[in-house]
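The residues making up each chain are set out below.
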Amino acid sequence: MTPFIYPSGFSLFAGVDEVGRGPLVGDVVTAAVILDPNKPISGLNDSKKLSEKKRQMLAEEIKAKALCWALGRANPLEIDQLNILHATMLAMTRAVEALSVTPEFALIDGNREPTLSIPCQAIVKGDGLVAEISAASIIAKVARDQEMEELDARHPEYQFAKHKGYPTAVHLEMLAKHGPIDEHRRSFKPVKRVLGEL
C-alpha cells in the first residue's frame, strides 16, 4: 500500500468519515478526529476490517488519546429531504464544526468534499490509508452500532442489533410484516415499496 503523503504546509489534520449511508433506518453518522502525534495508536484501520471487539477497544483509546473528536449526524427526515449524499456531506460538516480544536486541513474519506471553512481533500479508500480517517471511521461505526442496539431494544421485532438497519432479507421481511417505524428512511426504495409509493 502506498503511504499517504499529507498536504504540505499544515500540521493539524482532521480525519472525517461516515457510517450508515446504506441502511434503511436511523441517522447517517459521521466523525471527525484530530490525533495527537505524541500519543500514537496502533492497529488503526478501516472499521469494516476490524472485529466488533477490536473496534470498541480502539474507539475508547481514540477518545482517550486524540487531541479532540466529534460526531455529526443527519436524521432520517433530513436524509429524505436532501438525499443521502447531501445529508452525508451535511453530517460531515457538522462533525468538523463540532471539534473543540479547529483543524487546519480536513481529510475526507471518499470522492466528495463537504462544504467546510478550511481546506480539505477527498481520499478514496482513505479509511485504510490515513490514520485520522481510520480513527473517524471507528468512532462513527461504534456510535452508530450502539444506536442500532438501542433501537433494537425499543423495537425488537425488527432485529436491528443483528443487521444494523441494512436491507438484509430479515430486515426486509420484518419491514413488510410490521411496516416502517418513525426512524425508517421513507425515500429509500424498500421503504417506499412497503408504503405503496413505488
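Residues numbered from 1 in each chain as written. Predicted model: local features only at pLDDT ≥ 70, side-chain atom pairs only at ≥ 80, totals over all residues. Heavy atoms only, no water.

**Q** For this particular structure, what's the right way to read unusual backbone geometry?
**A** Backbone geometry follows two general trends: most residues other than glycine have a negative phi, and most peptide bonds adopt the trans configuration. Even without a glycine there, the phi angle at Asn83 is positive, about 90°. We classify Asn83 as partly exposed; its relative accessible area is 35%. Although it is not a glycine, Lys125 sits at a positive phi angle of roughly 60°. (Buried < 20%, exposed > 50% of the residue type's maximum accessible area, 1.4 Å probe, protein only.)

**Q** Mind showing me how you'd approach the packing of helix α1 (residues 52-65) against helix α4 (residues 131-154) here?
**A** The angle between the axes and the distance between the axes are what describe a pair of packed helices. Between α1 and α4, the shortest axis-to-axis distance is 9 Å and the interhelical angle comes to 115°. Our pair here, α1 against α4, has a crossing hand that is left-handed. For the pair α1 and α4, contact is made by Glu52, Arg55, Gln56, Leu58, Ala59, Ile62 and Lys63 and by Ala135, Ile138, Ile139, Lys141, Val142, Asp145 and Glu149, respectively. Grouping the constituent residues of the contact of α1 with α4 by class yields seven nonpolar, one polar and six charged. (Axes fitted to C-alpha atoms, helices over the stretch in contact; angles between N-to-C directions. Helix = DSSP H or I, 4+ residues; strand = E, 2+ residues; numbered from the N terminus. Left-handed = near helix turned anticlockwise from the far one by under 90°. Contact = heavy atoms within 4.5 Å. Nonpolar A, V, L, I, M, F, W, Y, C, P; charged D, E, K, R; others polar.)

**Q** Got a minute to help me understand the sheet that holds strand β5 (residues 120-123) in this structure?
**A** In a beta sheet, neighbouring strands pair by backbone hydrogen bonds and run either parallel or antiparallel. With respect to topology, five strands assemble into an open sheet ordered β3-β2-β1-β4-β5, the strand pairing being mixed. Looking at the sheet topology across the chains shown, the edges are occupied by β3 (68-74) and β5. On average, adjacent strands in this sheet sit at an angle of 20° to one another, irrespective of strand direction. Looking at chain direction, strand β1 (residues 13-19) and strand β4 (residues 105-109) are connected through four bridges and run parallel. By the bridge assignment for β4, Ala14 is matched with Ala106. Here α4 sits on the sheet and contacts β1, β2 (28-34), β3, β4 and β5; the angle it forms with β1, its principal contact strand, is near 35°. (Pairing = 2+ DSSP bridges.)

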